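Fold and geometry: a report
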Amino acid sequence: MNKKYLLIIGISIPLVFFITTIICGFIMGDYNHLTRMVSELGELGTSTQYIFTVGLVLCSILSVLFVIELYKECKKIGLNTIPVLLILSYSFSIAGAGLFPYPQRLHLLMGMPSILLFLSPLLSLILWKKGLPSIKLMSIICFLIMSFGFSTYWPNFLGDYLGLKQRFFHIGWSVWFIYLGYNFNRLNQNQKLLG
């Protein structure tokens, strides 16, 4: 597969995730994205359980392909690969969250590694000194947006809007993946033109 298309997969991961949640929410009918947890869309026994599982597993597969290609590009241009490898925490977690529906205990346990994902933009801020345009700004923005997702642990912040608080995390990694996909694709194209 052409590197251009593999890198563009980074843009499609958030699309698959959010389309899956929108479709599942629509099918459930009474689901409110601002107040209810994302996991409820794939809850054991719901009419949307299998649609949710397929969407999340597809996100996982796409993100593994994305990481492989980003890893190769980092090696080629001399960037540290740790920020890219941290994306695998998302790949693992999103598959686990889909394969072990809420409220199973494994749903919570398999979802935990995604907590490490916010370290990807944070470490890129420290480890990537060259190569990507606006890397410092985008790293900070994505880190902050993802960090708002941890506000789910603060019950008084945004009160009943658990779904909104959770989605900060999803918006943060989505912006990060789109940024990486777009800019690594541009780097790859520029190298082809120069080489």
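Summarised in this report is the structure supplied together with it. (Residues numbered from 1 in each chain as written. Predicted model: local features only at pLDDT ≥ 70, side-chain atom pairs only at ≥ 80, totals over all residues. Heavy atoms only, no water.)

**Side note on the overall build of the chain**
The secondary structure content of the chain amounts to 8 helices and 0 strands. From first element to last, N terminus to C terminus, the chain shows the α and β order α-α-α-α-α-α-α-α. Relative to a compact globule of 195 residues, whose C-alpha radius of gyration would be 16 Å, the chain shows 17 Å and is just as compact. Sorting the 195 residues of the chain into buried and exposed places 47% on the buried side. Here the analysis covers contacts within the chain between residues at least 6 apart in sequence; of these, 69% occur between residues at least 24 apart. (Helix = DSSP H or I, 4+ residues; strand = E, 2+ residues; numbered from the N terminus. Rg over C-alpha atoms; globule rule 2.2 N^0.38 Å. Buried < 20%, exposed > 50% of the residue type's maximum accessible area, 1.4 Å probe, protein only. Contact = heavy atoms within 4.5 Å.)

**Brief notes about the environment of Gly 159**
Among the secondary structure elements, Gly 159 is positioned in the loop between helix 7 (135-148) and helix 8 (162-194). In this structure Gly 159 comes out as partly exposed when scored by relative accessible area, which is 40%. Between the alpha carbons of Gly 159 and Thr 35 there is a distance of 9.3 Å; along the sequence they are 124 residues apart.

**What to know about helix 7**
Compared with the 20 Å implied by 1.5 Å per residue over 14 residues, the 20 Å span of helix 7 between its first and last C-alpha is a close match. Those residues of helix 7 that fall on the buried side of the exposure criterion are Ile 135, Met 138, Ser 139, Cys 142 and Met 146. One side of helix 7 holds all its buried residues, which, seen down the axis, span an arc of 100°. Summarising the geometry of helix 7, the exposed residues directed more than 90 degrees from the buried face are Lys 136 and Leu 137. (Expected span 1.5 Å × (residues − 1). Arc of directions from axis to C-beta.)

**Comments concerning the packing of aromatic side chains**
One pass over the structure, following the stated rule, counts 10 aromatic pairs. Ring centres of Phe 17 and Trp 173 lie 5.4 Å apart, and the angle between their planes is 70°; this geometry places the pair in the edge-to-face category. One end of the pair, Phe 17, is in helix 1 (residues 3-28); the other, Trp 173, is in helix 8, with 156 residues separating them in the sequence. No difference in accessibility class separates Phe 17 from Trp 173, as the two residues are buried. (Phe/Tyr/Trp six-rings, centres within 6.5 Å; stacked < 30°, edge-to-face > 60°.)

**Considerations on the nonpolar core**
As a rule of thumb, nonpolar side chains are buried together in soluble globular proteins. Residues Ile 13, Trp 128, Trp 173, Trp 176, Phe 177, Leu 180 and Phe 184 are the most contacted members of the largest nonpolar core, which totals 43 residues. Those elements that place two or more of their residues in this core are helix 1, helix 2 (49-77), helix 4 (87-99), helix 7 and helix 8. Leave out the neighbours within four places in its chain, and Leu 180 touches Phe 66, Leu 70, Ile 87, Trp 128, Leu 132 and Asn 185. (Core = buried A, V, L, I, M, F, W, Y, C linked by side-chain atoms within 4.5 Å.)

**Here we look at the side chain of Ser 114**
One can find Ser 114 in the loop between helix 5 (105-111) and helix 6 (119-127). Among the residues examined, Ser 114 registers a relative accessible area of 14% and is labelled buried. From its side chain, Ser 114 meets the backbone oxygen of Gly 111 in a polar contact 2.8 Å long. Beyond its immediate sequence surroundings of up to four residues, Ser 114 is in contact with Ser 89, Ser 93 and Phe 169. (Polar contact = N/O pair within 3.5 Å; in protein donor to acceptor, adjacent residues only side chain to side chain.)

**Section: the side chain of Ser 63**
You can see Ser 63 is positioned in helix 2. A polar side-chain atom of Ser 63 sits 2.6 Å from a polar atom in the side chain of Ser 91.

**What about the pattern of salt bridges?**
Side chains that carry opposite charge are capable of pairing whenever their charged atoms lie near each other. Under the counting rule described, the total for this entry stands at 3 salt bridges. For the salt bridge of Asp 30 with Arg 36, the shortest nitrogen-to-oxygen distance reads 3.7 Å. Arg 36 is the partner of Glu 40 in a salt bridge, and the nearest nitrogen-oxygen pair spans 2.9 Å. Because the salt bridges share partners, they merge into one network encompassing Asp 30, Arg 36 and Glu 40. (Salt bridge = Lys/Arg side-chain N within 4 Å of Asp/Glu carboxyl O.)

**A look at the environment of Leu 85**
Looking at the element boundaries, Leu 85 is found in helix 3 (residues 82-85). Classification of Leu 85 by relative accessible area gives partly exposed; the value is 38%. For Leu 85 and Ile 68, which are 17 residues apart along the polypeptide, the C-alpha to C-alpha distance reads 8.8 Å.

**Some remarks on the packing of helix 2 against helix 4**
Relative orientation of the contacting elements helix 2 and helix 4 amounts to 165°, with a least axis distance of 8 Å. The angle between the axes of helix 2 and helix 4 places the two elements in the roughly antiparallel class. Note on packing geometry: the crossing formed by helix 2 with helix 4 is left-handed. Here helix 2 contributes Thr 53, Leu 56, Val 57, Cys 59, Ser 60, Ser 63, Val 64, Val 67 and Leu 70 to the contact with helix 4, which in turn contributes Ile 87, Leu 88, Tyr 90, Ser 91, Ile 94, Ala 95, Ala 97, Gly 98 and Leu 99. Of the residues contributing to the contact of helix 2 with helix 4, the split by class is 13 nonpolar, 5 polar and no charged. (Axes fitted to C-alpha atoms, helices over the stretch in contact; angles between N-to-C directions. Parallel < 35°, antiparallel > 145°, perpendicular 65-115°, else oblique. Left-handed = near helix turned anticlockwise from the far one by under 90°. Nonpolar A, V, L, I, M, F, W, Y, C, P; charged D, E, K, R; others polar.)

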